[in-house]
Amino acid sequence: MKPATFIYHRASSLDDALALLAEHPDAKPLAGGPSLIPAMNFRLSQPAALVDLNAAGDLSGISQSPGGGIRIGAMTRHAAVERSDLVRDFAPLLREAMPHVAHPQIRNRGTIGGSIAHADPSAEVPGVMLALDATFVARSRGGERRIAARDFFTGLFATALEPGELLVAVELPARAPRSGSAFLEVARRHGDFALAGAAADVTLDARGHIARARLALISVADRPILAAAADALVGREPAEDAIRSVAEAARDALDPPADIHADARYRRQLAEVLARRALTQAVRRASAG
Amino acid sequence: MQTLSLTVNGRRIERSVEPRLLLSDFLRHDVELTGTHVGCEHGVCGACTVLVDGEAVRSCLMFAVQAEAARVDTVESLGSEHALHPLQEAFRDAHALQCGFCTPGMLMTLVPFLRDHPSPGELEIRHALSGNLCRCTGYANIVKAVALAAERMREAGAAPGAAE
Amino acid sequence: MTRLVGQPVKRNEDARLLTGRAQFVDDVHLPGMLHAAFLRSEHAHARLRAVDLSRARQRPGVIAAFAADDLGDYWAPGPLLVPPPPIPDLVFRHAPQVPLARGKLRYVGEPIAVVIAESRYVAEDALADIIVDAEPLPAVVQLEAALAPDAPRIHEQLDSNVAAHALQTTGSYAKARAKAHRVIKRRFHYDRGASAAIENRGVVAAWDASAEEMTIWDTTQAPIPIRNGLAAMLGLPESQVRVIAPFVGGGFGPKIMMFYPEEVVIPWAARAIGRPVKWIEDRRENFTATTQERSQIHDAEIALAKDGRILGVHDVFLHDTGAYDPYGLTVPINSQCTLLGPYKVPNYSSEFTAVFTNTPIVTPVRGAGRQHGVFVMERLLDLAARELGIDRLEIRRRNFIRPGEFPYDHKIIFQDFKPLVYDSGNYEPALAKASALIGYDRFVREEQPRARSEGRQLGIGVVAYVEGTGIGPYEGARVTVEPSGRVRLATGVGTQGQGHFTSFAQIVADQLGVGPDEVHVVTGDTRTFSWGTGTFASRGAVVAGSACHAAAAAVREKAIAKTAELLGVKPKHVSIGGGRVYLERDPSKGFTLGELAQKANPLRGGVTPGTEPGLEATKYFGPERGSTANGVHAMIVEVDRETAQVEIKRYVVVHDCGTQLNPMIVEGQIHGGVAFGIGNAFYEQLVFDDGGQLLNASFMDYLLPTALDVPAIELGHVETPSPLNPLGTKGVGEAGAIPTGALFAQAVENALAGTGVEITEIPLSPSRLFTLIADSRRVGPVPAAAPSARGRALCLEGTYDFGGSPGDVYALLLDPRVLASVMPGTKRLDRNGDRYDGVLDVGIGPVSAAEFALEVVVADQIVGEQYAMRIEARGKLGFVSGTARVRLASNGAGTRMSYSAELQVGGTIAAVGQRMLDSVSKAMSAQALKALERSLRARGAASTPTGAAS
């Protein structure tokens, strides 16, 4: 299990990385590597060249953005996100999901941007990004563009990024008052790929009715998905039966893949149960805070 | 080939390596620090865990060239046979190892964990260990050893400060 | 006199292991060393026509490459390690594994060729250069299908896939059944798992041409038999071959297997090339190249009296032996014998058929077949308790063998060829202790109903088992007192973490009156000790430990005799302790052990005739038969009915392994065994598809329990010393792992009481448990299903309607341009009559080595109605092969196309890509339908897709 040969380019900055990628169209960007390097060790992946982003210091960091949200550089490691006070205060959902991302040693190396660009349908971060209505900042030599999370994941391991384009940052919008969120997943063992997971983010209005509801599901399709069924909650009281029927509707819209750990029927069941529990918890937290 | 210069266990090392050489193989075969073990080479078992700039990472999921200018510490940087590190001592006292193959990775995971969590609870310890597989011990004694080490390290650390 | 034996002495070996200075096989570095990589079969069953190594040999950095024919006369099938025991009418057909495949491939992972290069990286590069010409054959995977009269034969020299058949009986089950108050019958499945030692296997061989000596470092549990066998194969005297099993990173059974092809090939290659060669198994190889265990299917029946007494048990089972059977019948015979447990079963009939399948070789893995027996018996007793309305503990109690009934003869033959006679035991106190520790009565009376009233599903399980341990034939030990006073102990068994360095030192130290750290233990090096068999069957401490005891006692006697002689007193007045041997009434008169060692080895002068020089003794110990350990495990679980997640809340073990040499080590062995058992019960399962492809050949998909999955274990002990050895000890290595499956099933079933869920299979998984829960709501019995997900990796089917006549559509579909647009990632597609050749690139996400050479042959054509496409795609990542069928029929306005495809996937994509295959096949068929729609629309045919991939 040794990787095949490749040419190695170390990018010292974002500009350097974009130049290298433009110069070597057959190169693959290397972020933290927890998905790409195992694939290379199995020789599933045999890129001709790598552009290593780890030395590009300007790609990492967490800051508050003028609009009240936060911005996370793509090369920010999961461990930094997990420890960040800004994330705790402004994106508790992301913080809650972090411990589910593999194991401590992987989180010390893996990055937020890498996780999003890899677009694994079972990964936690992409689901959270959908639930939080995140915006992704992509940059190429031709310029910068912003892509809404809901437009970003286009298929199995497929994203809206163009060749030569790098995901450089994630922008999370400001958090409205009376918001609550919850992340739940079922995995075979803690840290494994989720068999199914649900990220819920809910905002209540002054009367306690639901003003905004997002429910993202992971590991139940070829990509992370936003359950349209959650829209039905808007304007309603967050009652148990309303949540229950949203979870059921979300389940009914699924045609999940089967694998050796979970057949499709089980995944649908998990999606429903986790959706219900996550929404319930998010509503409870929104009401409390 | 790519030149590589880094610090391993405090020693400055310069080598020329193939870019595809895994950090685990570099440490074991080029630097001949065979205490770092290799169990899966796909980032699950944790046997190859080392510190890169003070944080625990899988050395099978890094290319050696990525450790350019880094500070790498392996199990050999802890205690010696006759002067064990408190964590090693606790592992011995609590019978936290059997075949001992996973042990170096466990230790290198736990050193920064105990630095950041001087008084860990059992569940915290189990979470910290969840990325290191052990097939022999059933983990119970490892958990005990970590608690024991934490206690001893707190006491040792608290002693000089007790006068303040 | 016992001082150290029985104490939790800290381990001598730990300091080396903790500091990273203990040497494992992969730590051996030799000047000029080369590295080997093996090319392994991607097919479970195929005819091997040719292997072309020429390109591999030309690659820079490659020193040599060998296939079977290159080995010349050295190529020979392996030996039969364990001949079948003397059971009347037993049938056993030996089909030994071979060093490199010749003529046929019989399991995925079977070695075909080896490349030896300057580095492992280059050796792996060169594997891709090798061209294998193999003709796939239908694979035999399922046990019952393997026995069908028309099943493909794995070994053509045999007339079926039956590897063995044996029937053992005692009493008359038929008579017992005739007078039974109740008879309960079920089918039980136990599926396969991996040993998964964290250290993979490895071999380093160095040939010293001038001394004509071969040195081999091997991750083996049996260095001495490896040495003996290799010496014979290499045509060398045994004294010229040295096998060292240094520190071994976990054994668990498969490292006792011999000879692995790599063990045979690497030393030969080192001699042929004249440079040291290292081969280290990687994790993916380990999943198929290292032996495995556990698939059995039992049809079992128990006949009961009204009061719950067992009148008889009848069991017929199939045992999966994999592609070859070098290890004989140890596993199924253990299943057969262990089923009886601590119970009196006056009438027993047990019949098994061992079956060859196109899967990796089966040899013992921690527990070695005992799990299955315990599972069947304990489940039958649980069912009996329920049906007869007797408490689960009470029914066990009523059937226990009583303390006064030992030795107890079950009147059948055990794996050591001896009658299955239990030496000792006392089961009732163990059960009582376990029940008290877990609080069985209170749980059943209060906690469980209370939890249930809160909507929580808690369950409890309690199971009992007996384990045959410490079997023969023998082990030996040599104890030497050096002139420095240091004691050296050499024994033949290797150690894989069991603490032998320490428990053996304790035994010797007690005899010689020294500290345990003053005994230097050497194990696993044939140069220091060259008689013995190995570490297996929970026997190291029992058998080698007894030999250490005997050798140390002999040295003690010598030391005392010498001292008595020198002091001119009778030996009975001499004592030993504190590193000295002295006059009991005046301890100042005496000698240190070192002084005595010097005096016992004089350089001049005379010695007493009949004495041996030196303070040294070598002794052997062979038990009359194995000693029987036993125990009771109890567990409380909570099941989330909605998600089918199971949490183990408490785990209690009460164990009787006779005298405990070192309770700290015993405790560690039990903890580890239970973790192993929990893995077997709920996490670990090797999943083979119907084509014999292992779908989870990685630690991503083969799930070892982590620190978050194994609960704290509460231990209690009962000690019934064994009369069969001087230490009174019994083995403990496998104990923890044996009853866990049965226990887990009982506890989970109990948590789900009232739902009708009945658990007759291990391993379980949440997905499978969910199915059982969901289907139990149905009326009638739950359909019996094989425990694992099987079938083919890629299955597509659907229908498709469009305009145009079937004749037009038929022509359109076979147009290479249309086909090229339908096949995913087509880079090129050329038609040549009924045959198409092309190149596909189906890279997805991180998978970038996905170029496949495609060959499609159209057959079974009825123009305008139907055709079949035989598809073969082959690339670096493996292969996809199979047949797609298309039927066309007029549906009034246009044409309805029905299509179906069953495709076998092999190689890396099957081994590590299973998580994605379903999504990939869905995406590909959706993409294909979209492309087809576009093509048809371009030609003016309207269409309506109505099908989907499944």
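Residues numbered from 1 in each chain as written. Chains lettered and ligands numbered in written order. Predicted model: local features only at pLDDT ≥ 70, side-chain atom pairs only at ≥ 80, totals over all residues. Heavy atoms only, no water.

### Quick look at the overall build of chain B
Within chain B, the secondary structure is distributed over five helices and five strands. Along the chain direction, N to C, the helices and strands of chain B fall in the order β-β-α-β-β-β-α-α-α-α. The C-alpha radius of gyration of chain B comes to 16 Å, within 12% of the 15 Å expected for a compact globule of 164 residues. Seen through its C-alpha atoms, chain B measures out along the principal axes to roughly 50 × 40 × 30 Å. With 164 residues in all, chain B has 66% of them scored as buried. (Helix = DSSP H or I, 4+ residues; strand = E, 2+ residues; numbered from the N terminus. Rg over C-alpha atoms; globule rule 2.2 N^0.38 Å. Buried < 20%, exposed > 50% of the residue type's maximum accessible area, 1.4 Å probe, protein only.)

### Some thoughts on the sheet that holds strand S4 (residues 91-92) of chain C
Residue and element names in this part refer to chain C. In spatial order, the strands read S4-S8-S16-S15-S14-S9-S30; together these seven strands make up an open sheet with mixed pairing. Looking at the sheet topology across the chains shown, the edges are occupied by S4 and strand S30 (761-762). Strand direction decides the pairing type here: S4 and strand S8 (residues 162-170), joined by two bridges, are antiparallel. From the neighbouring strand, phenylalanine 92 faces S8, where its bridge partner is alanine 164. On the sheet, helix H10 (residues 370-388) packs against strand S9 (182-190), strand S14 (296-304), strand S15 (310-322) and S30 and is oriented at approximately 140° with respect to S9. (Pairing = 2+ DSSP bridges. Contact = heavy atoms within 4.5 Å. Axes fitted to C-alpha atoms, helices over the stretch in contact; angles between N-to-C directions.)

### Remarks on the domain arrangement of chain C
Residue and element names in this part refer to chain C. Structurally, chain C comprises domain 1 (14-137 + 199-249 + 254-289), domain 2 (162-193 + 292-471 + 625-776), domain 3 (475-621) and domain 4 (794-945). A separation of 41 Å is found between the C-alpha centroids of domain 2 and domain 3. Listed as interface residues are 22 residues of domain 2 and, on the opposing side, 18 residues of domain 3. When the two sides are added together, the surface that domain 2 and domain 3 hide from each other amounts to roughly 1,300 Å², 64% of it contributed by carbon and sulfur. It is Ile471, Leu661 and Leu727 in domain 2 that bury the most area against domain 3; as a group they hold 34% of the surface buried on that side. Where domain 2 packs against domain 3, one counts zero salt bridges. Taken together, the connections running from domain 2 to domain 3 amount to three residue pairs in polar contact (both at pLDDT 80 or more). Of all the elements in the fold, those that place two or more residues in the side of domain 2 that touches domain 3 are strand S19 (457-469) and helix H17 (663-683). Here the residues of the side of domain 2 that touches domain 3 sort into eight nonpolar, ten polar and four charged. (Domains from an automatic or database assignment. Buried area = accessible area lost by both parts, 1.4 Å probe. Salt bridge = Lys/Arg side-chain N within 4 Å of Asp/Glu carboxyl O. Polar contact = N/O pair within 3.5 Å; in protein donor to acceptor, adjacent residues only side chain to side chain. Nonpolar A, V, L, I, M, F, W, Y, C, P; charged D, E, K, R; others polar.)

### A look at the domain arrangement of chain B
Residues and elements named next belong to chain B. Looking at the assigned domains, one finds that chain B contains domain 1 (2-75) and domain 2 (86-156). Spacing between the C-alpha centres of domain 1 and domain 2 amounts to 22 Å. Listed per partner, the contact involves 18 residues of domain 1 and 14 residues of domain 2. Contact with domain 2 buries area across many residues of domain 1, yet His37, Thr49 and Val75 alone supply 37% of it, more than any other trio. Along the contact surface separating domain 1 from domain 2 lie one salt bridge. A salt bridge links glutamate 55 to arginine 115; its shortest N-O distance comes to 3.2 Å. Summed over the shared surface of domain 1 and domain 2, the number is six residue pairs in polar contact (both at pLDDT 80 or more). Listed by contribution, the elements that provide at least two residues to the side of domain 1 that touches domain 2 are strand S3 (49-52) and strand S4 (55-58).

### Describing the interface of chain C and chain B
With 57 residues of chain C in contact, the opposing surface of chain B contributes 51 residues. Roughly 4,400 Å² is buried in total at the junction of chain C and chain B, and carbon and sulfur atoms are behind 59% of that figure. Summed over the three residues of chain C that lose the most area to chain B, namely Leu18, Tyr121 and Ile198 of chain C, the buried surface amounts to 18% of that side. The interface formed by chain C and chain B holds six salt bridges in total. Of the charged contacts, one joins arginine 20 of chain B and aspartate 125 of chain C as a salt bridge, the two residues approaching to 2.6 Å between their closest N and O atoms. For the side of chain C that touches chain B, the elements supplying multiple residues, two or more each, are helix H1 (14-18), helix H3 (120-127) and H17 of chain C. Broken down by element, the residue count for the side of chain C that touches chain B peaks at nine residues, all from H17 of chain C.

### Side note on the packing of helix H3 (residues 103-116) of chain B against helix H4 (residues 122-129) of chain B
Residue and element names in this part refer to chain B. For the pair H3 and H4, interaxial distance at closest approach is 10 Å and the crossing angle is 130°. Comparing the axis directions of H3 and H4 gives the class oblique. Crossing angle aside, the handedness with which H3 passes H4 is right-handed. Where H3 approaches H4, its residues Met106, Thr109, Leu110 and Phe113 are matched on the opposing element by Glu124, Ile125, Ala128 and Leu129. Tallied by class, residues from the contact of H3 with H4 come to six nonpolar, one polar and one charged. (Parallel < 35°, antiparallel > 145°, perpendicular 65-115°, else oblique. Left-handed = near helix turned anticlockwise from the far one by under 90°.)

### Here we look at the packing of aromatic side chains
Evaluated as defined, the whole model comprises 26 aromatic pairs over all chains. Here tyrosine 266 of chain A and phenylalanine 770 of chain C contribute two aromatic rings whose centre-to-centre distance is 5.4 Å and whose plane-to-plane angle is 35°, an arrangement assigned as tilted. Taken together, the positions of tyrosine 266 of chain A in helix H11 (residues 264-288) and phenylalanine 770 of chain C in helix H19 (residues 766-776) put the pair across two chains. Aromatic pair phenylalanine 529 of chain C and tyrosine 620 of chain C: ring centres 6.1 Å apart, planes at 45°, arrangement tilted. Taken together, the residues span a long stretch of sequence, with phenylalanine 529 of chain C in the loop between strand S22 (519-523) and helix H15 (540-567) and tyrosine 620 of chain C in strand S26 (residues 616-621) at a distance of 91 residues. An aromatic cluster is defined as three or more aromatic residues linked by ring pairs; in this entry it consists of Phe101 of chain B together with Phe24, Phe247 and Phe501 of chain C. The side chain of arginine 271 of chain C reaches across the aromatic face of tryptophan 207 of chain C, ending 5.6 Å from its centre. (Phe/Tyr/Trp six-rings, centres within 6.5 Å; stacked < 30°, edge-to-face > 60°. Lys NZ or Arg CZ within 6 Å of the ring centre and 35° of its normal.)

### Considering the pairing of S15 of chain C
All names here are of chain C. Across the 13 residues of S15, eleven count as buried, placing the element largely inside the fold. Between S14 and S15, which pair antiparallel in sequence order, lie five residues; one of them, glycine 308, sits at a positive phi of approximately 95°. Across ten bridges, the pairing between S15 and strand S16 (residues 347-356) is parallel. In the sheet register, glycine 322 faces S16, and the bridge partner there is phenylalanine 356. Handedness of the β-α-β unit built from S15, helix H9 (residues 330-338) and S16 comes out right-handed. (Right-handed = clockwise from strand over helix to strand, strands pointing away.)

### Quick word on the sheet that holds strand S6 (residues 135-140) of chain A
Residue and element names in this part refer to chain A. In space, the five strands of this open sheet follow the order S4-S5-S10-S6-S7, with antiparallel pairing throughout. A single partner strand is all that each edge strand has here, and the edge strands are strand S4 (62-64) and strand S7 (143-148). On average, each strand axis in the sheet is inclined to that of its neighbour by 25°, with strand direction left out of account. Two strands pair when backbone bridges link them, and strand S5 (residues 70-73) and strand S10 (residues 166-172) are joined in this way by four bridges, in the antiparallel orientation. Looking at S10, one finds that isoleucine 72 is bridged to valine 170.

### Brief notes about H3 of chain C
An α-helix turns once every 3.6 residues. As a result, residues three or four positions apart point the same way. All names here are of chain C. Along H3, eight of the eight residues are buried, which leaves the element largely enclosed by surrounding structure. Of all the positions in H3, only Arg120, Tyr121, Val122, Ala123, Glu124, Asp125, Ala126 and Leu127 are classed as buried. By the N-cap criterion, in which a side-chain oxygen at the helix start approaches the backbone nitrogen of a residue two or three places on, H3 is capped by serine 119, the distance to tyrosine 121 being 3.2 Å.

### Comments concerning the pattern of salt bridges
Across all of its chains, the model carries 110 salt bridges over all chains by this definition. Note that arginine 20 of chain B is salt-bridged to glutamate 18 of chain B, the shortest N-O span being 3.0 Å. Notably, a salt bridge pairs arginine 828 of chain C with aspartate 830 of chain C, separated by 2.5 Å at the nearest N-O pair. For arginine 828 of chain C, a relative accessible area of 38% corresponds to the partly exposed category. Salt bridges linked by common partners bring Arg43 of chain A, Glu18 and Arg20 of chain B together with Arg40, Arg120, Glu124, Asp125, Arg201, Glu262, Glu281, Asp282 and Glu285 of chain C together as one network.

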